[in-house]
Amino acid sequence: MNKAQRPIGIFDSGIGGMTVARAIAQRLPHEQLIYFGDTAHLPYGDKSADAIRYYALKIVKYLLEQDCKMIVIACNSASTAAYGVLLEFFKEQALFVNVVDPLVEAAAAENFSKLGLIATKATVHTGVYERQMKRLRPELELVSLPTPLLAPMIEEGFIHGKISQTVLETYLSHPSLQDIDGLLLACTHYPLIRPQIENFYHGSVKILDSTDVVAQSVEKQLQAQGLLATGNEANHRFYVSDHTDSFEKTTKLFYGRDVHLEHLPIW
Ligand code: DGL
């Protein structure tokens, strides 16, 4: 098959990467997407970097067997833990996009004085955001808060209502996040609760997430390599490593249409 017409592989621990997939599908309607949610190992945010690297290597191997021209690591925990090792093993076979670099670049271009970041424990512990941001904006204060309950809560469909509201308000009221003027949603699950986060701040804090900025980066890289697909009718494939009802329900709710989920037991 002509290389440009080959699919883009996207993966995350669960539904979070769908926020990125949707942004890519909207921006690039001729691209075919193969989505893999590693629901058997969700949440990634509580796993060690070694475990996340092991999962990522195996998933990417599968996606490359499907002839993907590009792999989007639509997960911050996997982007921070495994991007380097994935490049080391597979960079000759496909283009790789992580979700950290586009978000850091977008934040560095703003005029923030104190920037907050919420993410999984795995992402915060790697310190990757701090290091990347220091290179671009050494004077900018960046405070990171692990918010480990958010991804499993969203995955279970707790998005509207008292439980999610209480959890979210407790995290966002943390003393370290006081006086911020920008907040990075450094977990691909969090755009699903972005309206609730915006409500909390009433417009006083600018919120950035990794949906549109990653889709732009995907477009830019494909364009630079002459690999943008043309003329295809989108026919995306969605796989999960463990089929769960809550995943299916939340996916449909979020994606806004029927999504045929296939169980793919790669473990
Ligand atoms: N959506 C993922 C991230 O961006 C992982 C959430 C999780 O599985 O803990 O980090």
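Residues numbered from 1 in each chain as written. Predicted model: local features only at pLDDT ≥ 70, side-chain atom pairs only at ≥ 80, totals over all residues. Heavy atoms only, no water.

S.K.: Give a detailed account of the site of the ligand, specifying residues and quantitative values.
M.R.: Around the ligand, the structure places 13 residues, and the nearest of them are Ser13, Tyr44, Asn76, Ser77 and His189. In the environment of the ligand, a nitrogen atom lies 2.9 Å from a nitrogen or oxygen atom belonging to the side chain of Thr188. Protein chains bury 99% of the 300 Å² of accessible surface belonging to the ligand in isolation. (Near = heavy atom within 4 Å. Polar contact = N/O pair within 3.5 Å; in protein donor to acceptor, adjacent residues only side chain to side chain. Areas by Shrake-Rupley, 256 points an atom, 1.4 Å probe, with all protein chains shown as cover.)

S.K.: So what about the pattern of salt bridges? Which residues, and what values?
M.R.: Overall, the coordinates contain ten salt bridges when judged by the stated rule. Taking the shortest distance from any N to any O, the salt bridge between Lys69 and Glu31 comes out at 2.7 Å. Taken together, the positions of Lys69 in the loop between helix H2 (49–65) and strand E3 (70–73) and Glu31 in the loop between helix H1 (17–27) and strand E2 (33–37) put the pair 38 residues apart, joining distant regions of the chain. Across the salt bridge formed by Arg137 and Glu139, the nearest N and O atoms sit 2.6 Å from each other. Through salt bridges that share partners, Arg194, Glu198 and Asp209 make up one connected network. (Salt bridge = Lys/Arg side-chain N within 4 Å of Asp/Glu carboxyl O. Helix = DSSP H or I, 4+ residues; strand = E, 2+ residues; numbered from the N terminus.)

S.K.: Let's hear about unusual backbone geometry: which residues, and what values?
M.R.: Looking along the chain, the bond that leaves Leu42 and enters Pro43 is cis, with omega of -5°. Considering the arrangement of structural elements, one finds Pro43 in the loop between E2 and H2. A positive phi angle, close to 65°, is found at Asp179, a residue other than glycine. Here Asp179 lies in the loop between helix H8 (162–172) and strand E7 (182–185). For His202, which is not a glycine, the phi torsion comes out positive at approximately 50°. Residue placement: His202 occurs in the loop between helix H9 (194–201) and strand E8 (206–209).

The quantities given are spatial measurements derived from coordinates; they are silent on function.
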